[in-house]
Amino acid sequence: MNVPERYVVVGGAGAVGAMVAGLARSGGMDVLVVDSSDAVDGLRADITAPSDELREVLESADVVVLAVPEDIAVAALPVITFILRPGALLAETLSVKTVLIPHLREHPDIEIIGINPLFAPSLDLRGRSIAVVEKRSGPRSARLLHLLTERGARLLFTTAEEHDRATATTQVLTHAAVLSYGVALARSGCEMTTLSDFATPPSTMLTAMLARMMENSPEVYWDIQFRNPHAERVRAELAQSLRRIADAVESEDRAQFAEYLATAETMYGGYLERYQRICADAFTHLTDESETHSMTTEVTADD
């Protein structure tokens with residue numbers, strides 16, 4: 001009879017940690033959540049200054065999942081890697097993968113893997129992409145990845161450097177654009193009732209994406225913006241692109257404005273129709289939902 005692996009999920013009270021803890025439990029693993037939060041359902045402890053109890057927990061662990069912000073992870077690594085027994089797995093869930101590389105090179109006796117769910121952890125795993133950086137793989141990391149694929153996740157194997165270059169575009173750039181819209185919107189003086197009444201499908205989608213960001217703590221987005229080594233470059237390009245568009249309009253240069261649209265269209269290559277369908281489907285759903293909301297409001301008003 002196989003003995004279930006002992007999982008210790010550090011930061012298990014957070015969204016990503018809770019997702020991994022739930023996944024491990026569903027796979028029959030023995031799971032203990034460790035967190036500094038008062039609301040933790042497990043062991044309340046500080047991973048950067050472990051108590052004797054926490055040290056014993058880490059010493060007996062088969063898998064330690066580090067689902068904490070980058071600064072805490074960096075501070076905790078010397079402690080964790082010293083305590084873990086040979087053959088154990090250290091799995092980190094950081095949004096920037098090159099951060100830990102300098103701190104992991106001197107530990108050849110443990111497995112080390114990085115995963116990054118490229119979606120909100122509250123969503124179902126089926127069909128969702130998870131980036132995987134295998135720093136030092138082995139049988140325990142293989143079993144963890146099997147748990148993910150069993151639930152329908154799509155694994156994207158990459159290097160730490162490739163991961164951070166890609167997420168600079170898909171996360172740093174995207175989040176900065178949406179948050180910039182939110183800051184401008186808050187300063188516009190437009191009330192939400194007016195925004196909702198006059199909303200076009202694109203503005204509704206952008207406002208909805210901003211609202212979606214509100215579900216997570218600021219630290220999630222701060223780490224992505226602050227730690228990614230390519231973040232400054234993509235934010236600068238975003239600012240310059242907005243300035244280029246403004247310059248074209250303010251100088252009444254229609255040809256330049258059209259060229260910017262053409263440049264963006266060329267970027268899609270063979271993916272243009274796919275993304276047009278995605279947008280059309282989303283807008284159709286928005287229209288259906290709007291009509292349902294309108295009917296519900298009318299019925300309530302009549303009552």
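For the structure, check the block above.
For clarity, every value in this text was computed on a predicted model and none was experimentally measured. The written sequence of each chain sets the order in which its residues are numbered from 1. Selection of residues for local features in this predicted model requires a pLDDT of at least 70, selection of side-chain atom pairs for listing and counting requires 80 or more, and totals for whole chains, interfaces and linings are taken over all residues. Heavy atoms throughout the structure, all of them, feed into the side-chain values; hydrogens and water do not.

Quick word on the nonpolar core
Consideration 1: Side-chain atoms within 4.5 Å link the members of a nonpolar core, which is a set of buried Ala, Val, Leu, Ile, Met, Phe, Trp, Tyr and Cys residues. Exposure classes here rest on a 1.4 Å probe applied to the protein chains alone. A residue is buried below 20% of its type maximum, exposed above 50%, and partly exposed in between. Counting residues in each nonpolar core, the largest one holds 30 residues, and the members touching the most others are Val64 and Leu90.
Consideration 2: When residues of this core are assigned to their parent elements, the largest contribution, six residues, is made by helix α3 (residues 70-83).
Consideration 3: In this description, contact between two residues means that some pair of their heavy atoms is separated by no more than 4.5 Å. The contacts of Val64, once residues within four sequence positions are left out, are Val8, Val10, Leu58, Ile80, Leu84, Leu89, Leu90 and Ala91.
Consideration 4: By size, the runner-up hydrophobic cluster in this structure holds 27 residues, among which are Ala21, Leu89, Ala91 and Ala153. Under the DSSP-based scheme used, a helix requires at least four consecutive residues in state H or I and a strand at least two consecutive residues in state E, with every element numbered from the N terminus.

Description of the pattern of salt bridges
Consideration 1: Should a side-chain nitrogen of Lys or Arg be within 4 Å of a carboxyl oxygen of Asp or Glu, the pair is scored as a salt bridge. For the structure shown, the criterion picks out 12 salt bridges.
Consideration 2: Note that Arg140 is salt-bridged to Asp62, the shortest N-O span being 3.5 Å. Of this pair, Arg140 sits in helix α5 (residues 139-150) while Asp62 sits in the loop between α2 (52-59) and β4 (63-66); the two residues are 78 residues apart in sequence, bridging distant segments of the chain.
Consideration 3: The exposure class of Arg140 is buried, given its relative accessible area of 16%.
Consideration 4: As a salt-bridge pair, Lys135 and Glu92 come within 2.7 Å of each other at their nearest N and O atoms. Residue Lys135 is found in strand β7 (residues 129-136), and its partner Glu92 is found in strand β5 (residues 89-92); the two are separated by 43 residues along the sequence.

Brief notes about the pairing of strand β6 (residues 111-117)
Consideration 1: In terms of residue burial, β6 counts as a mostly covered element, since seven of its seven residues are buried.
Consideration 2: Here the rule is simple: two strands pair whenever DSSP picks up at least two bridges between them. Examined bridge by bridge, β5 and β6 share four bridges and lie parallel to one another. Across the sheet, the residue bridging to Glu92 is Gly114, located in β6.
Consideration 3: As defined by bridge partners, β6 adjoins β7 across six bridges and the pair is classed as antiparallel. The residue bridging Asn116 from the neighbouring strand is Ala131, located in β7.

Considerations on the environment of Leu261
Consideration 1: For Leu261, the location among the structural elements is in helix α11 (residues 254-268).
Consideration 2: Between the C-alpha atoms of Leu261 and Ile245, which are 16 residues apart in sequence, the distance is 10.0 Å.

Observations regarding a nonpolar patch on the surface
Consideration 1: A cluster of nonpolar residues, Ile245, Val249, Phe257 and Leu261, forms a patch on the protein surface that exposes about 360 Å² of accessible area.
Consideration 2: For the nonpolar patch, the secondary-structure elements that each account for two or more residues are α10 (231-250) and α11.
Consideration 3: Mapped onto the elements of the fold, Phe257 is located in helix α11. Patches here: salt-bridge-free residues with over 30% relative accessible area, like charges joined within 9 Å, nonpolar side chains (Val, Leu, Ile, Met, Phe, Trp, Tyr) joined within 5 Å. Where accessible areas are quoted, they stem from the Shrake-Rupley method and a 1.4 Å probe; at the residue level, only the protein chains shown are allowed to cover.

Observations regarding the environment of Glu92
Consideration 1: We classify Glu92 as buried; its relative accessible area is 2%.
Consideration 2: Taking the C-alpha atoms as reference points, Glu92 and His163, separated by 71 residues in sequence, lie 14 Å from one another.
Consideration 3: The residues contacting Glu92, other than those within four sequence positions of it, are Leu66, Lys97, Leu100, Ile113, Gly114, Ile115 and Lys135.

Some remarks on helix α1 (residues 15-26)
Consideration 1: In this model, α1 (12 residues) spans 17 Å end to end at C-alpha, consistent with the 16 Å of a helix rising 1.5 Å per residue.
Consideration 2: Of the positions making up α1, those classed as buried are Gly17, Met19, Val20, Ala21, Leu23 and Ala24.
Consideration 3: Looking one or two residues beyond α1, the residue adopting positive phi is Gly28, at roughly 85°. In this scheme, a helix's expected span is set at 1.5 Å multiplied by one less than its residue total.

Here we look at the pairing of β7
Consideration 1: Where β7 meets strand β8 (residues 154-157), four bridges bridge the pair, whose relative direction is parallel. Residue pairing in the sheet places Ala131 in a bridge with Leu156 of β8.
Consideration 2: For the handedness criterion, the strands are oriented away from the viewer, and a crossover whose path from the first strand over the helix to the second runs clockwise is classed as right-handed. Crossover connection from β7 via α5 to parallel β8: handedness right-handed.

With respect to the side chain of Thr93
Consideration 1: With respect to the secondary-structure elements, Thr93 resides in the loop between β5 and α4 (101-104).
Consideration 2: Owing to a relative accessible area of 9%, Thr93 belongs among the buried residues under this scheme.
Consideration 3: When sequence neighbours within four positions are dropped, the list of residues in contact with Thr93 reads Val16, Val65, Leu66, Ala67 and Ile115.

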